Each structure stands twice: as C-alpha cells, then as structure tokens.
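Residue-level structural notes
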Amino acid sequence: MTTVERRYARLVHLYPSRYPRDEILDTVLQSNARFTAREAFGLIVGALRARTGADVHRGPAEFLHSASRLAALALLVHAAAGDVLRALPLDVPAILQSPDGIVQYATAGLIALILHVTTIVTLARGAYRVSAATAVLGMIAAVVSASRFGAAWVQDGFWAAPMAALLIGVLAATARRERSSPMWWLLAILPAVVLLPTGSGAVLGVAWFIERQAFLVMAVLAIAWSLLDARVPLAVAALGLCNLLTIVQILLSAGWAGDGAVAGQLALAAAPTLVLLAAATVSRRRSPI
Amino acid sequence: MRETTYFILAALQDGPLHGYAIIQRASALSSGRIQLATGTLYTALERLTTAGHIRVVDEQIVNGRARRSYELTTEGGAALTEHAEQLAAAARVVTERRVNRTVVRPA
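Summarised in this report is the structure supplied together with it. (Residues numbered from 1 in each chain as written. Chains lettered and ligands numbered in written order. Predicted model: local features only at pLDDT ≥ 70, side-chain atom pairs only at ≥ 80, totals over all residues. Heavy atoms only, no water.)

Turning to the overall build of chain A, a few remarks are in order. For chain A, the helix and strand inventory stands at 14 helices and 0 strands. Listing each helix as α and each strand as β along chain A from the N terminus yields α-α-α-α-α-α-α-α-α-α-α-α-α-α. Referenced to the eigenvectors of the C-alpha coordinate spread, the extents of chain A come out at roughly 75 × 45 × 40 Å. Counting across all 289 residues of chain A, residues that qualify as buried make up 47%. Excluding contacts between residues fewer than 6 apart, the proportion of contacts in chain A whose partners are at least 24 apart in sequence is 73%. Accessible surface computed for chain A: about 14,100 Å², of which carbon and sulfur atoms make up 70%. Measuring between centres, the 23 positive side-chain charges of chain A sit 5 Å from its 15 negative side-chain charges. (Helix = DSSP H or I, 4+ residues; strand = E, 2+ residues; numbered from the N terminus. Buried < 20%, exposed > 50% of the residue type's maximum accessible area, 1.4 Å probe, protein only. Contact = heavy atoms within 4.5 Å. Areas by Shrake-Rupley, 256 points an atom, 1.4 Å probe, with all protein chains shown as cover. Lys, Arg positive; Asp, Glu negative; His and termini not counted. Charge placed at Lys NZ, Arg CZ, Asp CG, Glu CD.)

Right, here's the structure in full:
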C-alpha cells in the first residue's frame, strides 16, 4: 500500500460500515494520483454526514420535521438540566435549612427531571404521543418547581420546557416518525447544567457562571457545523430563542421595554440566534446534493 | 433537484457506470462545471439509492477491491426527465422571447 493510498484509506474508514468503503477508496485513487486537500475535505465531510444522519435526503417538510425534532430534544436537555439544579441532591442544604417547608419544590423538580428524561427517551425512540404527554406533565412539574424562587417565567431556562412541549405537540400531530438512540441526549444533561443558561452559578458558585461564553462557543460550533447539516444551527437557535424569551420577560416585568440602551442590549442578545437562523438558511439553500 | 444530482442522474442515462466513470461523465456533460469530490459523489449515490432513483446493477473485483456499477431506475429516469422539462420551460422564457423580438418588427 502506497503512502497516498494509506492516507486516503484512513479517511475512508471514517465512513460507517454500511457504506462501500472499498469502492470509495477505489474511486478516490482512480481520481487522484496525489493526496489533495479538496478530496480529503470531501471525504471527511461525507463521513460526518453519514455518521450524523445528514446524508439522508429530506424534502422541505421532512427537513422541517427533523429540525423541529432535534430542536425539541435540545430544549428537553436544557429543561432537564434546569430540573437537576432544582431537584436533589444539589440543593439538599437549602431544603433542610429552609423554615417554610420547600421540600415540595425539590420534589416537583425531581418529578420534572424524571418526566423530561422520559420525554427524551420516548421522543428519540419515535413514540411522539407518549412524549407529548410526558412533556406537558414535565412542564407543569417544572413550573411548580421553579415557582419556589418567585415568578417562574423570568428564571433562566424556564422557556425550555414550554417550547419543547409545544414543538413535540406539533410533531405528534404529524404522521412522520424519526428514530435514533437517546444515549447522547441523556449524556448531555449533566454538562448542560453549567453550559446552558440554567442559572447554575447561583447554586454551584459564581465561578460556574460560564453559560454566556458557553452559548457563544456553541453558536460558533453550530455555524461551522451548518456546512454539514442545517438542522444543527436551528436546534441551537431554539436554545438561543429560549434565553431571549427570558430576557424579554425580565425587561417587560421591570418596565424597561422603552429604554434605548436596553433595546441595544436586547438586540445584542438576539444576534447569535439570528446568525444561527441565517446560517441554517444559507446551508439549506447551498447544499450541493 | 440540485444541479449536482441532475448531472449524476444524467451521467447514467446511457447505461450503468461505476463511481469514477460517473465523476468523469458528469464533468463532461456539464462542460467541466461539475467537478465531483469522491465524498460528495458517495453521499449523493447513497441518497439516490435510498430514494429509488438509482440501483446497484453489477459488482466486480478490481485490484482486490469491490467496484460497483449504478444504473438509473424507471423512477430516476422519470425524475430526471421531469426536471429537464422544467429547465427547458424555464429556458424558453428567455430564448423564445429573444426569437419573438427578432421576428416581430414594426412595419
């Protein structure tokens, strides 16, 4: 095996085994006597598309369905991460030391967490109606749990559960079903506690207030990923929209809606979400196949 | 239908071809505009096979590696023809107007 052959073979092995790896290697060697960056990039992108499901042909309706499903799963991870903070065991001292019996809020948080995890599993597995029911119940439990700190709708990450329930309700009303493994979504819940806007810094310590920076990094990665799959920036935009709704609620409740400087801050907060939506649109339109 | 997909299907009009031959034929038919990278070709072949527009018709072992040939299915041929007619109709919007402008002159 020559050096060129070996280098291309390594890239071709990135493809899943259901792809004709031997044949792809044969074709790339017929097309190129030398190792070129263009072919290498094409093979890496092709392999990533194959592994993430972006290689499947989707018409406009199928694309919208699949993107909504991904967005709902991302929102559910966000909602479940918020539940983790409000449930046991992170808040045990607060629960035990509180004079006014707040154990019901933590219990509601735990119930919300269980329901949101169930929703992730059922949605990923294609049981949309069950997931719609558990999403609504999870949303109610999350609202009860969050009301411990006052108005639930102005708290970080509050809108994740209602938005997910709404999206799943719409998906359940359609005839299409998409199935995948829920494993990665479930594994994402714990990192999401500090990476998504959940207000984790208030519970874990100020040093954990990294959610804004983390969202910007996530937005940049999603924009880069739009080269492969236009659904991913849409899913991250849903998370951004969720955060934006919280900011708008805070502004409205504080009566700052007419303030010019506040409007500027709001526009700045909305910018990553708008850029993500634009990246998804461009990606969808420029797809070569 | 994207232009790349159109030329891949068009490359298979005259009979089955293997991967490298499809790349060459698509390039020739598009006067060199479509230069398919191998990764792009196989993503497209996978999509078109799943959609039922093409199918694997033959497999040979060359230099110890499998080399499969793909052919257009009836559905693929119909989709190609339909898209070609749409392109032709779109082209007529411009070309026929040009003809009319040269033919119809004021007396």
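Still more ground to cover, so stick around.
Now for helix 1 (residues 3–11) of chain B. Counted residue by residue, helix 1 of chain B has 8 buried out of 9 residues, so it is predominantly covered. All buried positions along helix 1 of chain B are accounted for by Thr4, Thr5, Tyr6, Phe7, Ile8, Leu9, Ala10 and Ala11 of chain B.

With that out of the way, let us pick up the sheet that holds strand 2 (residues 54–62) of chain B. All names here are of chain B. Pairing is antiparallel in the open sheet, where 3 strands are placed in the order 1-3-2. Each edge of the open sheet is held by one strand with a lone partner, namely strand 1 (17–18) and strand 2. Relative to strand 3 (residues 65–72), strand 1 runs antiparallel, the two being bridged by 2 bridges. From the neighbouring strand, histidine 18 faces strand 3, where its bridge partner is serine 69. (Pairing = 2+ DSSP bridges.)

Of the residues lining the interface, 25 residues belong to chain B; the matching set on chain A comes to 30 residues. Roughly 2,400 Å² of surface becomes buried between chain B and chain A when both sides are summed, with 48% attributable to carbon and sulfur atoms. Three residues stand out in chain B for area buried against chain A, namely Arg2, Arg47 and Arg65 of chain B, and they jointly supply 31% of the buried area on that side. Inspection of the region where chain B meets chain A yields 3 salt bridges. In this structure, arginine 18 of chain A engages glutamate 46 of chain B in a salt bridge whose closest nitrogen and oxygen atoms are separated by 3.1 Å. In this structure, the connection of chain B to chain A is made through 8 residue pairs in polar contact (both at pLDDT 80 or more). Secondary-structure elements contributing two or more residues to the side of chain B that touches chain A are helix 1, helix 2 (19–29), helix 3 (38–51) and strand 3 of chain B. (Buried area = accessible area lost by both parts, 1.4 Å probe. Salt bridge = Lys/Arg side-chain N within 4 Å of Asp/Glu carboxyl O. Polar contact = N/O pair within 3.5 Å; in protein donor to acceptor, adjacent residues only side chain to side chain.)

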